Amino acid sequence: MAEDELLAFRESWKQELTSKSNHSDSPAPRDKLQPSRKDCKNSYFEDFSQSRSQPETGRHDAYTESPQRSSIKESSPRSPSLPGNDGGLSSSAGKTSKDQPQYVSIAEGLLHGRTSPLMDRIHEERMRRKRQSQREKNSMPTQPQSKVKKSEKLVDQFIQDLNEVNDIPFFDVELPYELALKIFRYLNRTELGRCAQVSKAWGCLAEDSVLWYKLCQKEGYHREASVSDSPSWKSTLRDCKLSDHTVCSNWKNRVGSISQLQFELGKILCDVSSCDNFVVAGYTSGDVRLWDTLHWDCGASYLRPRSLACTAAPRPQVTLVQVNRTLAAAAYLDDCVEVWSAETGGEPVFHYQSVGRVHALALSPDSPTLASATGVDVRLDQPDQRGYWRTLVQARLPKPVERVVLVPGQREQPLAVLSADDSAFTLSSRHADPRLLHCVYGHPVTCLDASNSQAALGLKSSGWAMHDGGNKVQVYRLETGQAEVRVGSSAGDFTCICLGEQASHLLTCGNKDRRVRVFDLRTGSSVASLYAHHMGVTSVLADDWKIVSGGGEGLVCVWEMRMGAKLWEMHNRHPVRHVRFTTSTLVTANIPDEKSPRGACITDDDLTAHRRHRGVICHYDFSEDSVSQEHVLPICRSNYAESSGYNYNIGLAVPYDILSGSHPSH
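Please read these numbers as outputs of a predicted model, since none were measured by experiment.

Asker: Got a minute to help me understand the confidence of the model for the chain in this structure?
Answerer: Should the pLDDT be low somewhere, the predicted coordinates at that spot are not to be read in detail. With 67% of its residues at a pLDDT of at least 70, the chain reaches an overall mean of 77. Within the model, pLDDT remains below 50 along residues 27-98, and this stretch shows 53 contacts once partners closer than five positions in the same chain are excluded. The low-confidence segment residues 605-609, where pLDDT is below 50, has four contacts with residues more than four positions distant or belonging to other chains.

Here it is as structure tokens:
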């Protein structure tokens with residue numbers, strides 16, 4: 001019925017255009033040229049009745065004629081006139097085809113059923129495929145066994161399904177599946193979800209595992225995995241996002257578990273370092289302990305000294321420790337440096353004796369490179385492919401070295417940033433001599449940090465420079481050695497700096513004026529200024545949404561960067577000298593300044609009297625189940641019912657006590 005109405009409408013439109021083209025040159029009045037609405041209506045119904053009276057086969061042949069052939073017949077002046085039309089239509093159309101407007105030719109093409117050449121080719125390709133598949137089916141020999149016929153039918157169906165899947169419709173064209181997949185690779189999660197609602201073909205394409213695997217890699221999840229490791233990378237990405245949301249909520253609400261890493265009761269903590277799941281600590285007794293927070297069953301690993309040092313009594317105390325993903329290093333008071341394997345522990349794999357006390361020690365976070373400074377001498381050591389350690393470069397600076405930082409991401413050519421009084425240098429294995437990065441007379445460097453491409457120096461101003469805004473933080477580009485931006489303006493000295501790894505445009509620093517400041521390196525402006533600690537900031541670390549700071553009074557504070565509000569805080573004795581966190585863990589260390597406090601003797605029998613002098617290492621885990629009562633922080637579930645212990649370091653504003661009889665469950 002719809003096809004009949006369409007044919008009738010086309011015939012009536014043809015007659016109307018024909019009448020307009022035939023009488024366009026004559027000066028006849030307008031009312032005589034155009035038929036009235038009643039005449040058009042009568043002609044429409046007459047044509048409709050004529051089309052209904054035609055036989056079925058004739059109408060089918062006329063309608064299925066090739067669109068290109070029909071258009072050629074209509075546009076050629078030598079072709080005979082169509083049945084049912086005026087004979088002068090073809091001749092007049094041939095004479096005035098060049099003078100006709102474009103919209104008239106488009107309308108005639110629509111009336112005669114013409115389409116774009118691209119759609120015609122697509123239609124012909126589909127018909128060719130159907131005829132070819134039909135010929136293949138007809139040419140196949142008949143098999144006597146029914147199982148073979150069934151299998152052949154399944155194979156044909158499978159091939160047909162593949163052909164349908166490989167043709168992905170994009171508006172008025174169809175693209176191969178691989179080309180469409182490359183287009184969809186530029187979409188994010190939200191855009192893929194919207195495209196999946198367009199059609200079945202787009203939905204199948206938007207669910208492709210390769211696309212979601214690339215998104216997982218881009219979001220930072222499962223970087224070392226392959227495409228075949230997960231049956232559904234979309235579900236894997238969704239689970240990772242939900243897990244991150246839960247961990248973030250636990251961070252904000254202080255929901256998790258806390259544990260203290262303790263060694264021997266009589267030993268005083270000297271230095272702490274952590275990287276990922278490894279935590280290393282050195283004590284005044286000369287012992288070095290390594291913890292693996294992912295495998296608590298193994299306990300603390302005892303890093304033994306070399307066999308000759310074991311016989312020496314008493315052993316010198318540890319001054320500096322460092323750890324990365326594969327190595328742990330320690331420097332002793334007797335100018336000795338030892339390196340262990342973080343996986344096996346046991347005896348050291350590398351040892352050397354320096355000519356003086358080691359003032360600075362650093363391990364690269366992503367390569368087995370050790371940097372140490374003794375007075376004015378600096379050296380870089382690294383193992384070769386066979387595991388034998390060798391000195392890459394050894395240099396001498398004009399002033400004693402105070403701080404050493406190894407630049408991350410430099411695996412083949414290690415690069416170190418050094419600070420000595422009022423100067424800063426870079427030392428690389430490619431150059432034998434250190435290169436000057438910064439030097440301003442009378443402005444000593446108070447803190448130092450480096451990222452993959454930048455180095456930040458905290459500068460102390462004095463004299464006339466104090467009128468220029470006070471102390472500053474200078475940021476340099478390591479590749480060129482040029483100064484990029486100078487931020488900060490405070491009366492106090494900068495004590496710690498953190499160049500963000502996740503948010504590379506942010507710089508977080510702590511100051512003796514009790515404030516934590518965040519700067520945007522792109523504009524040089526201040527993002528946040530937080531009044532944190534009443535005895536000065538000693539350590540700070542930040543990511544894209546939170547800041548963790550430690551103060552000289554022993555307080556650890558967690559801040560939300562966007563709101564500039566304090567989420568929660570924890571207190572222990574002694575200054576906070578180490579703060580390091582990952583996605584779901586936090587490690588803090590309160591290290592005492594007095595290594596041999598007055599009135600504290602290690603040989604005393606009552607070792608609990610010296611608890612306040614030892615220092616403490618705290619490990620927070622926010623990935624635990626928040627429903628379980630055991631995973632709430634101990635200070636939040638205390639009932640003050642313990643008969644023995646101490647309470648000098650309890651700092652609670654509103655304690656969540658467990659009162660007996662306060663709830664029916666008790």
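Asker: I would appreciate a short explanation of the environment of Val405 in the present structure.
Answerer: By secondary structure assignment, the location of Val405 is in strand S16 (residues 403-406). Between the C-alpha atom of Val405 and that of Leu448, which follows or precedes it by 43 residues, the distance is 7.6 Å. Not counting chain neighbours up to four residues away, the residues in contact with Val405 comprise Leu415, Ala416, Val417, Leu448 and Ala450.

Asker: Please explain the packing of aromatic side chains as it appears in this structure.
Answerer: Aromatic rings in a pair are described by how distant their centres are and how their planes are angled relative to each other. Taken as a whole and judged by the stated rule, the model has nine aromatic pairs. Measuring from ring centre to ring centre gives 5.6 Å for Phe350 and Tyr352, while their planes differ by 40°; the resulting arrangement is tilted. No difference in accessibility class separates Phe350 from Tyr352, as the two residues are buried. Every member of this aromatic cluster is reached through a ring pair, and the members are Trp251, Trp568, Phe581, Tyr620 and Phe622. Just above the ring of Tyr352 sits the side chain of Arg379; from NZ or CZ to the centre is 3.9 Å. Above the face of the Trp251 ring, Lys546 is positioned so that its terminal group lies 4.6 Å from the ring centre.

Asker: Please explain the environment of Asn253 as it appears in this structure.
Answerer: Along the chain, Asn253 turns up in helix H14 (residues 233-253). By relative accessible area, Asn253 is classed as exposed at 51%. Distance in space between the C-alpha atoms of Asn253 and Phe622 is 9.8 Å, their sequence separation being 369 residues.

Asker: Quick question: what am I supposed to make of the pairing of strand S21 (residues 454-459) here?
Answerer: Within a regular strand, the side chains alternate between the two sheet faces. Of all six residues in S21, six are buried, a share of seventy percent or more. Side chains Gln454, Ala456 and Gly458 project from S21 onto one buried face, and the interleaved Ala455, Leu457 and Leu459 project onto a second face that is buried too. As paired elements, strand S20 (residues 445-450) and S21 share five bridges and run antiparallel to each other. Of the residues in S21, the one forming a bridge with Cys447 is Gly458. In this antiparallel pair of consecutive strands, S20 and S21, the connection spans three residues. Two strands pair when backbone bridges link them, and S21 and strand S22 (residues 471-477) are joined in this way by six bridges, in the antiparallel orientation. Counted as the bridge partner of Leu457 is Gln474 from S22.

Asker: Help me out: how do you make sense of helix H13 (residues 209-219) in this one?
Answerer: Given 3.6 residues per turn, any residue in an α-helix points the same way as the ones three and four places further on. Within the span of H13, buried status applies to Leu211, Trp212, Tyr213, Leu215, Cys216 and Gln217. Buried residues in H13 make contact with helix H10 (177-184), helix H11 (189-195), helix H12 (200-206) and H14. In this structure Asp208 caps H13, since a side-chain oxygen of it lies 2.9 Å from the backbone nitrogen of Val210. One or two residues past the end of H13 sits Gly220, with phi positive at roughly 95°.

Asker: Is there a simple way to explain the nonpolar core in this structure?
Answerer: Looking at soluble globular proteins, one finds that nonpolar side chains tend to be buried together. Trp251, Val516, Ile547, Val548 and Leu586 are the most contacted members of the largest nonpolar core, which has 34 residues in total. The biggest single contributor to this core is strand S30 (residues 555-560), with five residues. Setting aside its immediate chain neighbours within four residues, Val516 contacts Thr508, Cys509, Ala528, Ser529, Leu530, Ala532, Val537, Val540, Ile547 and Ser549. In terms of nonpolar packing, the next biggest core, distinct from the first, is built from 19 residues, Cys195, Leu215, Cys216 and Trp233 among them.

Asker: Can you walk me through the sheet that holds S30 in this structure?
Answerer: Consider a sheet: its strands pair through backbone hydrogen bonds, and that pairing is either parallel or antiparallel. As summarised here, the arrangement of the four strands in space is S28-S29-S30-S31, forming an open sheet in which the pairing is antiparallel. Sheet topology places strand S28 (537-542) and strand S31 (565-571) at the edges, where each strand pairs with a single neighbour. Each strand of the sheet is rotated relative to its neighbour by a mean of 20°, with strand direction disregarded. As defined by bridge partners, strand S29 (residues 546-551) adjoins S30 across five bridges and the pair is classed as antiparallel. Paired with Ile547 across the two strands is Trp559, which belongs to S30.

What counts, and at which threshold
Residues numbered from 1 in each chain as written. Predicted model: local features only at pLDDT ≥ 70, side-chain atom pairs only at ≥ 80, totals over all residues. Heavy atoms only, no water. pLDDT = per-residue confidence, 0-100. Contact = heavy atoms within 4.5 Å. Helix = DSSP H or I, 4+ residues; strand = E, 2+ residues; numbered from the N terminus. Phe/Tyr/Trp six-rings, centres within 6.5 Å; stacked < 30°, edge-to-face > 60°. Buried < 20%, exposed > 50% of the residue type's maximum accessible area, 1.4 Å probe, protein only. Lys NZ or Arg CZ within 6 Å of the ring centre and 35° of its normal. Pairing = 2+ DSSP bridges. Polar contact = N/O pair within 3.5 Å; in protein donor to acceptor, adjacent residues only side chain to side chain. Core = buried A, V, L, I, M, F, W, Y, C linked by side-chain atoms within 4.5 Å. Axes fitted to C-alpha atoms, helices over the stretch in contact; angles between N-to-C directions.

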